[in-house]
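Residues per chain are reported as follows:
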Amino acid sequence: MDESLSALRPSFGSTGWGRISYADEGWRDRDAQGVLWARVSQSLDEEGALTGAPRWRMINPARQRETMSKLLCQVCREPARTDQGILFPHSTEEGVPDPSTTVLTAQPPLCPVHAPVAPKRCPHLAKYGSVALLAQSAPLYGVIGTPHRYMPDRSIQVMACDGVPVPYGHADMAWMVATQLVRTLRAFTVVNLDDL
């Protein structure tokens, strides 16, 4: 991440609540739920939209956030929703999920055109195998990110990121710098990507 510890600072409200902030924070630095997002370098077109091909293992937090929040295909950035639902790629490293369970995913959706390409381009999906989860809805859950702690000496300490999604509304969000948006998948159908 290009965000530096020196750019982060604690901020406190009049009632004593605190949170992590950027010294020069702008409106794009927080999502609609007020969570601070990691800053990274990025290429933008003349309309301010992210450009460039996806880097499958090292997805840009801004691109991941955009594609997940707007449900855009992670390859072409066109709407991923179809009449049948929304396709989310899923690694079969830990098995194929049961459709009666709930799955949390940070993997942005795919449009039907690019869904068959994902397992061939993404090293993780290629290594462990993959399916797609076709969901009718995918509500926002929370984020994955780097937690920070406000210290008695008024400094900010970076904590280890365990990769576990933190739900929106959780107290830890105030001191989190998000890198991935997470959605909840319920009532999905498992689809073989080779069949698309």
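Use the structure listed above.
In this report, the structure presented in the accompanying data block is examined.

The rules behind each value
- Going along each chain's sequence as written, the residues are numbered from 1 onward.
- In keeping with the predicted nature of the model, local features appear solely for residues at pLDDT of at least 70, side-chain atom pairs appear and are counted solely at 80 or more, and the whole-chain, interface and lining totals rest on all residues.
- Each side-chain value is derived from all of the structure's non-hydrogen atoms; neither hydrogens nor water enter the calculation.
- Pairing of aromatic side chains here covers Phe, Tyr and the six-membered ring of Trp, requires ring centres within 6.5 Å, and sorts the geometry by plane angle: under 30 degrees stacked, over 60 edge-to-face, intermediate tilted.
- The secondary structure listing takes helices from DSSP runs of H or I that are at least 4 residues long and strands from runs of E that are at least 2 residues long, numbered from the N terminus.
- Each residue's exposure class comes from its accessible area (1.4 Å probe, protein chains only) as a fraction of the maximum for that residue type: buried when under 20%, exposed when over 50%, partly exposed otherwise.
- Over a ring means this: the NZ of a Lys or the CZ of an Arg is within 6 Å of the ring centre and within 35 degrees of the ring normal.
- The term salt bridge refers to a pairing of a side-chain nitrogen on Lys or Arg with a carboxyl oxygen on Asp or Glu at a separation within 4 Å.
- At least two bridges found by DSSP between two strands are what make those strands a pair.
- Contact definition: two residues touch when any of their heavy atoms are within 4.5 Å.
- Here the nonpolar core consists of buried residues drawn from Ala, Val, Leu, Ile, Met, Phe, Trp, Tyr and Cys, with membership extended through side-chain atoms lying within 4.5 Å.
- Axis definition: a line fitted to C-alpha atoms, over the contacting stretch in the case of helices. Angles run 0 to 180 degrees between N-to-C directions.
- What qualifies as a polar contact is a pair of N or O atoms within 3.5 Å, subject to a donor-acceptor requirement within protein and to the restriction that residues adjacent in sequence count only when both atoms come from side chains.

1. Points about the packing of aromatic side chains
Counted according to the given criterion, the structure contains 3 aromatic pairs. Aromatic side chains Phe-12 and Tyr-150 sit 5.0 Å apart centroid to centroid with 70° between the ring planes, which places their arrangement in the edge-to-face category. Of this pair, Phe-12 sits in strand S1 (residues 8–12) while Tyr-150 sits in strand S7 (residues 140–150); the two residues are 138 residues apart in sequence, bridging distant segments of the chain. Owing to a relative accessible area of 30%, Tyr-150 belongs among the partly exposed residues under this scheme. Exposure remark for Phe-12: the relative accessible area of 44% places this residue in the partly exposed category. Grouping aromatic residues by their ring pairs yields a cluster made of Phe-12, Tyr-150 and Trp-175. The ring of Tyr-22 has Arg-39 lying over it, and the distance from NZ or CZ to the ring centre is 3.9 Å.

2. As for the pattern of salt bridges
When their charged atoms lie close together, side chains carrying opposite charge are able to pair. A full pass over the atoms with the stated rule returns 4 salt bridges. Linking Glu-66 and Arg-77 is a salt bridge whose minimum nitrogen-to-oxygen distance equals 3.0 Å. Here Arg-77 lies in the loop between helix H1 (61–70) and strand S4 (86–91) and Glu-66 lies in helix H1, a separation of 11 residues in the sequence. Residue classification places Arg-77 among the partly exposed positions, given a relative accessible area of 21%.

3. Description of the pairing of S1
As defined by bridge partners, S1 adjoins strand S2 (residues 18–22) across 5 bridges and the pair is classed as antiparallel. Pairing of Pro-10 across the sheet is with Ile-20, part of S2. Linking two consecutive strands that pair antiparallel, namely S1 and S2, is a turn of 5 residues; a positive phi of about 100° is found at Gly-16 within it.

4. Quick look at the environment of Glu-78
Structurally, Glu-78 is set in the loop between H1 and S4. It is 7.5 Å that separates the C-alpha atoms of Glu-78 and Cys-111, two residues lying 33 residues apart in sequence. In contact with Glu-78, not counting residues within four places along its chain, are Leu-72 and Cys-73.

5. Comments concerning the nonpolar core
Among the nonpolar cores identified, the biggest contains 21 residues, and Phe-88, Val-143 and Leu-185 are the most heavily contacted of them. The set of elements that each furnish at least two residues to this core consists of S4, strand S6 (130–135) and strand S10 (176–185). If sequence neighbours within four positions are ignored, Leu-185 has contacts with Phe-88, Thr-101, Thr-102, Val-103, Thr-105, Leu-133, Ala-135, Ser-137 and Ala-138. Formed by 11 residues, the second largest nonpolar core is a distinct cluster that contains Cys-73, Ala-115, Ala-132 and Leu-193.

6. So, the sheet that holds S4
Ordered by their spatial adjacency, 3 strands build an open sheet running S4-S6-S11, and the pairing between neighbours is antiparallel. Each edge of the sheet is formed by a strand with only one pairing partner; in this case those strands are S4 and strand S11 (188–191). With direction set aside, neighbouring strand axes in the sheet form an average angle of 30°. In the sheet, S4 pairs with S6 via 6 bridges, with the strands oriented antiparallel. Counted as the bridge partner of His-90 is Val-131 from S6.

7. Some remarks on H1
Three or four residues apart is the spacing at which side chains of an α-helix point the same way, because the helix has 3.6 residues per turn. Among the 10 residues in H1, 7 count as buried, and that is most of the element. Those residues of H1 that are buried are in contact with strand S3 (36–37), S4, strand S5 (103–105) and S10. Where H1 begins, the capping side chain belongs to Asn-60, and its oxygen is found 2.7 Å from the backbone nitrogen of Ala-62. Where H1 terminates, the next one or two residues include Leu-71, which has phi positive at roughly 55°.

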